[in-house]
Amino acid sequence: MIRPACLRALALVSVTAVGFIGPLAKAEQSEPAPLQRQADPQTPTQTPPTAPPTPPVTPPTTNSTTGTLPQTNSPTAQTPPPSAQNSNQGLQQTPAQQRYGTPNNLGRGVSVDLNLTEPLTLERAIRIGLLRQNSISIALNQTVSANARLTQARSSYYPQVTPSFQYQTSQSPGVIVGTNTNFNSGTGGSNSPNQTVTYGGVSNESRTDALAASWLLFDTGKREANVGLSRRNVFAAEYGLGNQRQVVILNVTEGYYNLLRDRELVRVEEENVRRSLTTLQSVQAQADPKVGTAAQSDTFQAEADYANAQVALLQAQINYTNSQASLKNAMGLVTSQPLNLAQGPSTLPTLTDPGTFEKYIDIAYNDRLDVKQQQERVNAQGYNVRIAHINNGVQLNASVSEGYALDPHAGEQREFLVGVSYPLFDGGNTRAAVRDNKAQLETERRTLDQLEQNVRLDVEQSYNTRELSRRRAVAAQTAVQAGQKNYDVALEKQRVGAGNILDVLNAQVQLVTAQVSLVQAIYDYFIADARLQRDTGQNDPEFVPNLPIKAARRPRPTGNLPFNSPAATDAPVKPAPDRTAAPPDAKPDAKPDAKPNGDAGERKP
């Protein structure tokens, strides 16, 4: 009585589950409701930032070893009124975010201030980018998938226990043939059988209960190769996640410094407009027949210079607005609200970097996570070559299974299976697979070599750009000081009638050119320094690959780091060499034509 009751309960649970899953599946496959696109009453309409005229600021004098930017009071850097303080004010969502939510790459319990009305520092901008960038979320999900595939590969080492229950009932039309016996009384005769035929349905019912366990004992090393392949893919996915974090940090840092640079260029063009207006007013006063001696034609040149200065200011404002959009995109934010940046760096470090170019190259080869990721792909492809060799040779498989049947006949079931096979003729399939995987292995190796060459190129360009930008800033600072004095003298001469308008306009152009060069040189330095950190794999010290190895710390190379950079706080964490990478007989530089015993092409730790 217990067994039928249990079976009926199991059947009832199954029917209930099917009834529950059916509507749920239909709900998941149905089209989402149309999105309501309406304005948020709490979000005020934002207008592009403008830069109204401000009093001219004279760049301060500095020593010959640093470049200096004047402190600006641009409206874009002012704190908004307290009424606008709202942590999520102005934030919007794409249609995909409305359907599936926004990414949270930093994990549960980790929050980042998204209040864009407060001054945005570089460190907070980077934290927002690490939190909201979809590229990091994609890389994070790839690590989850790689770990899941590793678990699937390792499951072949364990017994597979499978309880099963099967109930089957069927009914079909048929004929039932029977006999009966007639007794002849009164005649003294014998009994005679009589055949009867019944038309109707035939029903069959069967029930099978069993508990089976199977265990793969040996498969010519294919199981071990699959596990090694999956493990290497996990390592590559982890390094890919860290590499994507470094890319996001670099993009946010570049966008942040580009926005600061464009804000300073707006200030420079505002000063140029004010100087042009001052020059125009002075020329108009000198051209007045009652009080001046200048020719009326001089005003035409001054008016043209003033109009050109206004055009340059509008172009600088356009660049500033576009840089805002680029920074918001780098941070993964969807909003029309203007950013309120904190005060940026105005001077360069006074000390020179003692690090050499070759030292940075060695650090990049050792620490770049994309180089490590590509090396793991080489190692993973080595396992694919091993699997292809196994499939092309003699294969020995051994497995054992143990089971117990409950119904209809109770009893133990046991099976031990050993098989040997060899692909004697398959149209060249397995041999072609070996050649294919060897070619892919060589492709991965050449890709690694090409990547390392590009890394060397990036480090060299960033290093040279940073050092030359330092020199440019010093020269531009001297040019700004000289240009300011030249302009003041030329304007004073024009006012007293001792000079002409051309001298004033030339001096003004030289001053603006020097100021723009100074701004460009200073922020080119910081952008090149951020790229050098990325090129050497040093701009994300917080990330530690989630690998089954013990991490070790190494000293940071000496050198200057940009201000407000999270990489300037602590030494990065470098994982120790993988001691579980390959079997002991793995060769570090196996030839493509040789049969690999482990990770083909793997380097020694």
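Described below are features of the structure shown in this document. All of these numbers come straight from a predicted model, not from anything done at the bench.

1. Notes on the nonpolar core
Membership of the largest hydrophobic core comes to 73 residues, with the highest contact counts inside it found for Tyr256 and Met331. Those elements giving two or more residues to this core turn out to be α3 (122-132), α4 (134-154), α5 (222-286), α6 (298-331), α9 (429-496) and α10 (501-535). No other element matches the 19 residues that α5 contributes to this core. Setting aside its immediate chain neighbours within four residues, Tyr256 contacts Leu120, Thr121, Leu122, Ala125, Leu327, Leu341 and Ala342. Listed in part, the 13 residues of the second largest apolar core include Val371, Leu448, Tyr463 and Leu532.

2. A look at a nonpolar patch on the surface
Taken together, Trp215, Leu217, Phe218, Val394, Leu396, Phe416, Val418, Val420, Tyr422, Leu424 and Phe425 make up a surface patch of nonpolar side chains, about 1200 Å² in accessible area. When contributions to the nonpolar patch are tallied by element, the ones reaching two or more residues are β2 (192-218) and β4 (411-421). Locating Phe425 in the fold gives a position in the loop between β4 and α9. On the basis of relative accessibility, which here comes to 74%, the residue Phe425 falls in the exposed class.

3. Quick word on the packing of α5 against α6
Interaxial distance between α5 and α6 falls to 8 Å at its minimum, and their mutual angle equals 165°. Comparing their axes, α6 and α5 come out roughly antiparallel. With respect to the hand of their crossing, α5 and α6 are arranged in left-handed fashion. Of the residues contributing to the contact of α5 with α6, the split by class is 20 nonpolar, 12 polar and seven charged.

4. Focus on unusual backbone geometry
For Thr220, which is not a glycine, the phi torsion comes out positive at approximately 65°. Relative to the helices and strands, Thr220 is located in the loop between β2 and α5.

5. Structural notes on α3
Within α3, nine of the 11 residues are buried, which leaves it mostly tucked inside the rest of the structure. For α3, the complete set of buried residues consists of Leu122, Arg124, Ala125, Ile126, Ile128, Gly129, Leu130, Leu131 and Arg132. Here the buried face of α3 lies against α4, α5 and α6.

6. Comments concerning the environment of Glu412
Along the chain, Glu412 falls in strand β4. Along the sequence, Glu412 and Ala210 sit 202 residues apart, while their C-alpha atoms lie 9.5 Å from each other. Contacts of Glu412, omitting those with residues within four sequence positions, involve Glu402, Gly403 and Tyr404. A distance of 2.6 Å separates a polar atom in the side chain of Glu412 from a polar atom in the side chain of Arg414.

7. A closer look at the packing of α6 against α10
Between α6 and α10, whose axes approach to 10 Å, the crossing angle comes to 15°. The pairing of α6 with α10 is recorded here as roughly parallel in orientation. Considering how the two elements wind past one another, α6 and α10 form a crossing that is left-handed. Contacts from Asp298, Gln301, Ala302 and Asp305 of α6 reach α10 at Ile501, Leu502, Leu505 and Gln508. By residue class, the composition of the contact of α6 with α10 is four nonpolar, two polar and two charged.

8. Some thoughts on the packing of aromatic side chains
Across all of its chains, the model carries six aromatic pairs by this definition. Look at Phe357 and Tyr463: their rings are 6.4 Å apart centre to centre, the planes differ by 50°, and that puts the pair in the tilted class. Of the two residues, Phe357 is situated in helix α7 (residues 357-367) and Tyr463 in helix α9; the sequence distance between them amounts to 106 residues. Here Tyr463 falls in the buried class, since its relative accessible area comes to 15%. Here the aromatic rings of Tyr360 and Tyr463 are separated by 5.8 Å at their centres, their planes lie at 50°, and the arrangement is tilted. Remark: Tyr463 occurs in helix α9 and Tyr360 occurs in helix α7; sequence separation between them is 103 residues. The ring of Tyr487 has Arg275 lying over it, and the distance from NZ or CZ to the ring centre is 5.9 Å.

9. Considerations on the pattern of salt bridges
Taken as a whole and assessed by the stated rule, the structure comprises 25 salt bridges. Between Glu264 and Arg267 there is a salt bridge, with the nearest N and O atoms lying 3.0 Å from each other. With a gap of three residues between them, Glu264 and Arg267 both fall in helix α5, about one helical turn apart. Side by side, Glu264 and Arg267 carry an identical accessibility label, which is buried. Its salt-bridge partner being Asp535, residue Arg368 comes within 3.9 Å of it at the nearest N-O pair.

10. Describing α9
Here α9 is 68 residues long and its end C-alpha atoms lie 95 Å apart, about the 100 Å a rise of 1.5 Å per residue gives. Immediately beyond the C-terminal end of α9, within one or two residues, lies Gly497, with a positive phi of roughly 85°.

11. A closer look at the side chain of Ser282
Inspection of the secondary structure puts Ser282 in helix α5. Side chain to side chain, Ser282 and Gln494 meet in a polar contact 2.7 Å long. Here Ser282 is in contact with Gln494 and Arg495, once residues within four sequence places are set aside.

12. A few points about the environment of Leu468
Relative to the assigned elements, Leu468 resides in helix α9. By relative accessible area, which is 47% here, Leu468 ends up partly exposed. In sequence terms Leu468 and Asp524 are 56 residues apart; their C-alpha atoms lie 9.4 Å from each other.

13. Structural notes on the side chain of Glu254
Summarising the element assignment, Glu254 is placed in helix α5. Each residue touching Glu254, except ones within four places of it in the same chain, is listed here: Ile527 and Arg531.

Each value, and the rule that gives it
- Residues numbered from 1 in each chain as written.
- Predicted model: local features only at pLDDT ≥ 70, side-chain atom pairs only at ≥ 80, totals over all residues.
- Heavy atoms only, no water.
- Core = buried A, V, L, I, M, F, W, Y, C linked by side-chain atoms within 4.5 Å.
- Buried < 20%, exposed > 50% of the residue type's maximum accessible area, 1.4 Å probe, protein only.
- Helix = DSSP H or I, 4+ residues; strand = E, 2+ residues; numbered from the N terminus.
- Contact = heavy atoms within 4.5 Å.
- Patch = residues over 30% accessible without salt bridge, like charges linked within 9 Å, V, L, I, M, F, W, Y side chains within 5 Å.
- Areas by Shrake-Rupley, 256 points an atom, 1.4 Å probe, with all protein chains shown as cover.
- Salt bridge = Lys/Arg side-chain N within 4 Å of Asp/Glu carboxyl O.
- Axes fitted to C-alpha atoms, helices over the stretch in contact; angles between N-to-C directions.
- Parallel < 35°, antiparallel > 145°, perpendicular 65-115°, else oblique.
- Left-handed = near helix turned anticlockwise from the far one by under 90°.
- Nonpolar A, V, L, I, M, F, W, Y, C, P; charged D, E, K, R; others polar.
- Polar contact = N/O pair within 3.5 Å; in protein donor to acceptor, adjacent residues only side chain to side chain.
- Phe/Tyr/Trp six-rings, centres within 6.5 Å; stacked < 30°, edge-to-face > 60°.
- Lys NZ or Arg CZ within 6 Å of the ring centre and 35° of its normal.
- Expected span 1.5 Å × (residues − 1).

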